[in-house]
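# Secondary and tertiary structure notes
This is what each chain is made of:
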Amino acid sequence: MMRAVPKIIAVGLGLALVAGVSGCSGGGSTDGKTEITWFKLTESADSANTTINEIVADFEKANPDITVKVEGRAVDAHKDALRTTLGTSGSPDIFFSWAGPGLGGEFIDAGASLDLEKYYDEYGWADRFSDTTMSTVTQYGGHDGVPYTQRTEAVFYNKELFAQAGIDAAPTNYDDLVSDAKKLKSAGITPFEFGGTVNWHVMRLLDSLLETKCGADTYQALVTKKASWADESCVADTYSEFATWTSDYVNPGFISINNDESGALFFSGKAAMALEGDWFNQQVRDAGMAEDSVGIFAFPTGTDRIYGFNENNYISANSKHPDEAAKFLDYLTSAEAQKKFIATFGSRSVNVDVVPADQNAFDAEWNPIVAASTGVYMNNDQNLSQSETTEYWRIQNLVATGELEPSKAGAEFQKFIDQE
């Protein structure tokens, strides 16, 4: 039985009821066709956006009675659009979200997502997806969302800049990474690029340092509130390392630029490393970099867990066209569509029957990284609630700018958690 949901979801989210975004009214009928709307993230790689448009066009050709209206936005604008439209007349039929409890879970807990159990039965979706991706669907007790991507994040490095600094191989442990950063800086090369105006970009460094200094078990205990950020000594060590990295080994002025601007430093050979995901392969190509000049290695945390997250597409609880929306999501995750999808979105498909054909050497660099991992440590804006994430970012920025002593950061965050 499909889960009952509240009719006014925006109230549950603590949001004002609004008419919608861009005049969208959750889909409708035009010229005898059913129009479904899809709120999604605009991809950083233009070629990935082109691929989505091609998949949509293929679906519409095969289903001439359905039109898919795609509304893409940047990360923060997309989050804002969801928070101000879900549960209102402006709700889309389908919405993209990150699958972690701190992001997708926010909307599911508020009743914004339709339980898709009947569609999983109708289309046999459970057999299409891996146990890992299915766990993101069933983690809330129902069948919320359809897997879209499984993202893996690691460090991209410029082999030529490494060679200029006298480094002949990627680091395999954290001490070597620090040593390489020092060599790069001594050679006049910016070791790492980050954009600080989008907090989640710099957060990747903080998360990875937390995994490195605290280990997998304590990391999980901290993000699930089973350990105190104030009492674990590794938290202070993490923030101390973070302060060193942001003051000594990250591009100057990072706090005032975004991820696209910092990415340009990597593409132009002005920064040696970037902590990015498998989507970055296509950005490297689109930027005109020679693929054989770029290598990839897992951030050397010493835990054998890999950094990453999942993304899903959800059908709005008050969609007027859930059957048509489900039909589109079935095509989007089909073998036919996924063969196009992974060509520009990343090296792995959520459809277990789809494997890359004629994978080139650059994309294949992800294979041993994934194979060597024993688990995943998730981005903390997915682990934490929205309010906790905001505080996590506030503290990270204060430490990065020298306005908060690293030794006090953990206690400051724990105080916020306790007050919640």
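Note: the structure precedes this text.
Attention here is on the structure that accompanies the text. Just so it is clear, the model here is predicted, and its values are computed rather than measured.

### Focus on the overall build of the chain
Along its length, the chain carries 19 helices and 10 strands. For a compact globule of 420 residues, the expected C-alpha radius of gyration is about 22 Å, and the chain comes in at 22 Å, within 12% of that figure. Principal-axis analysis of the C-alpha atoms gives the chain an extent of 65 × 55 × 35 Å. A sequence separation of at least 24 residues applies to 79% of the contacts in the chain between residues at least 6 apart.

### As for the side chain of Glu388
Tracing the backbone shows Glu388 in helix 18 (residues 386–400). Accessibility expressed as a relative area gives 7% for Glu388, which makes it buried. Residue contacts for Glu388: discarding those within four places in its chain leaves Lys225, Phe413, Phe416 and Glu420.

### With respect to the packing of aromatic side chains
Following the criterion strictly, the structure yields 31 aromatic pairs and no others. With a centroid separation of 5.2 Å and an interplanar angle of 65 degrees, the aromatic rings of Tyr148 and Phe341 are classed as edge-to-face. Here Tyr148, found in strand 5 (residues 146–158), pairs with Phe341, found in helix 14 (residues 335–345); they are 193 residues apart in sequence, far enough to count as distant. With relative accessibility at 2%, the residue Tyr148 sits in the buried group.

### Describing the nonpolar core
The biggest cluster of nonpolar side chains holds 110 residues, and the ones touching the most others in it are Trp38, Trp229, Trp245, Met273, Phe328 and Tyr392. Here this core gets 12 residues from one element, more than from any other, and that element is helix 9 (residues 199–223). Once residues lying within four places of it in the same chain are set aside, the contact partners of Tyr392 are Met203, Leu206, Asp207, Leu210, Trp229, Tyr239, Asn380, Leu384 and Phe413. Core analysis: the second largest hydrophobic core is formed by 10 residues, Phe39, Leu82, Phe95 and Ile108 among them.

### A closer look at the packing of helix 10 (residues 233–248) against helix 19 (residues 406–419)
Interhelical geometry of helix 10 versus helix 19 gives an angle of 125 degrees and a closest axis separation of 7 Å. Considering the angle they form, helix 10 stands oblique to helix 19. In this structure, helix 10 meets helix 19 at a crossing whose hand is right-handed. Of the residues in helix 19, those touching helix 10 at Val235, Ala236, Tyr239, Ser240 and Ala243 are Pro406, Ser407, Ala409 and Gly410. Tallied by class, the residues present in the contact of helix 10 with helix 19 amount to six nonpolar, three polar and no charged.

### Concerning the pattern of salt bridges
Close approach of charged atoms lets side chains of opposite charge pair. Tallying each qualifying case throughout the model produces 18 salt bridges. Glu43 is the salt-bridge partner of Arg151, the closest N and O atoms lying 3.7 Å from each other. Residue Arg151 is located in strand 5, and its partner Glu43 is located in the loop between strand 2 (33–41) and helix 2 (46–62); the two are separated by 108 residues in the primary sequence. For Arg151, a relative accessible area of 6% corresponds to the buried category. For Lys340, the salt bridge identified is with Asp58, shortest N-O distance 2.6 Å. Separated by 282 residues along the polypeptide, Lys340 in helix 14 and Asp58 in helix 2 bring together distant segments of the chain. Each of Glu43, Arg151, Asp278 and Glu311 takes part in salt bridges that share partners, so that together they form one network.

### So, the packing of helix 2 against helix 14
Between helix 2 and helix 14, the shortest axis-to-axis distance is 8 Å and the interhelical angle comes to 170 degrees. With respect to helix 14, the axis of helix 2 lies roughly antiparallel. Each of Ser47, Ala48, Thr51, Ile52, Glu54, Ile55 and Asp58 in helix 2 lies in contact with helix 14, whose residues at this interface are Ala337, Lys340, Phe341, Thr344 and Phe345. Classifying every residue of the contact of helix 2 with helix 14 gives six nonpolar, three polar and three charged.

### Notes on the side chain of Ser319
Position of Ser319 relative to the elements: it lies in the loop between strand 9 (305–315) and helix 13 (322–332). Classification of Ser319 as buried rests on a relative accessible area of 13%. Side-chain polar atoms of Ser319 contact the backbone nitrogen of His321, separated by 3.1 Å.

How each quantity is defined
- Residues numbered from 1 in each chain as written.
- Predicted model: local features only at pLDDT ≥ 70, side-chain atom pairs only at ≥ 80, totals over all residues.
- Heavy atoms only, no water.
- Helix = DSSP H or I, 4+ residues; strand = E, 2+ residues; numbered from the N terminus.
- Rg over C-alpha atoms; globule rule 2.2 N^0.38 Å.
- Contact = heavy atoms within 4.5 Å.
- Buried < 20%, exposed > 50% of the residue type's maximum accessible area, 1.4 Å probe, protein only.
- Phe/Tyr/Trp six-rings, centres within 6.5 Å; stacked < 30°, edge-to-face > 60°.
- Core = buried A, V, L, I, M, F, W, Y, C linked by side-chain atoms within 4.5 Å.
- Axes fitted to C-alpha atoms, helices over the stretch in contact; angles between N-to-C directions.
- Parallel < 35°, antiparallel > 145°, perpendicular 65-115°, else oblique.
- Left-handed = near helix turned anticlockwise from the far one by under 90°.
- Nonpolar A, V, L, I, M, F, W, Y, C, P; charged D, E, K, R; others polar.
- Salt bridge = Lys/Arg side-chain N within 4 Å of Asp/Glu carboxyl O.
- Polar contact = N/O pair within 3.5 Å; in protein donor to acceptor, adjacent residues only side chain to side chain.

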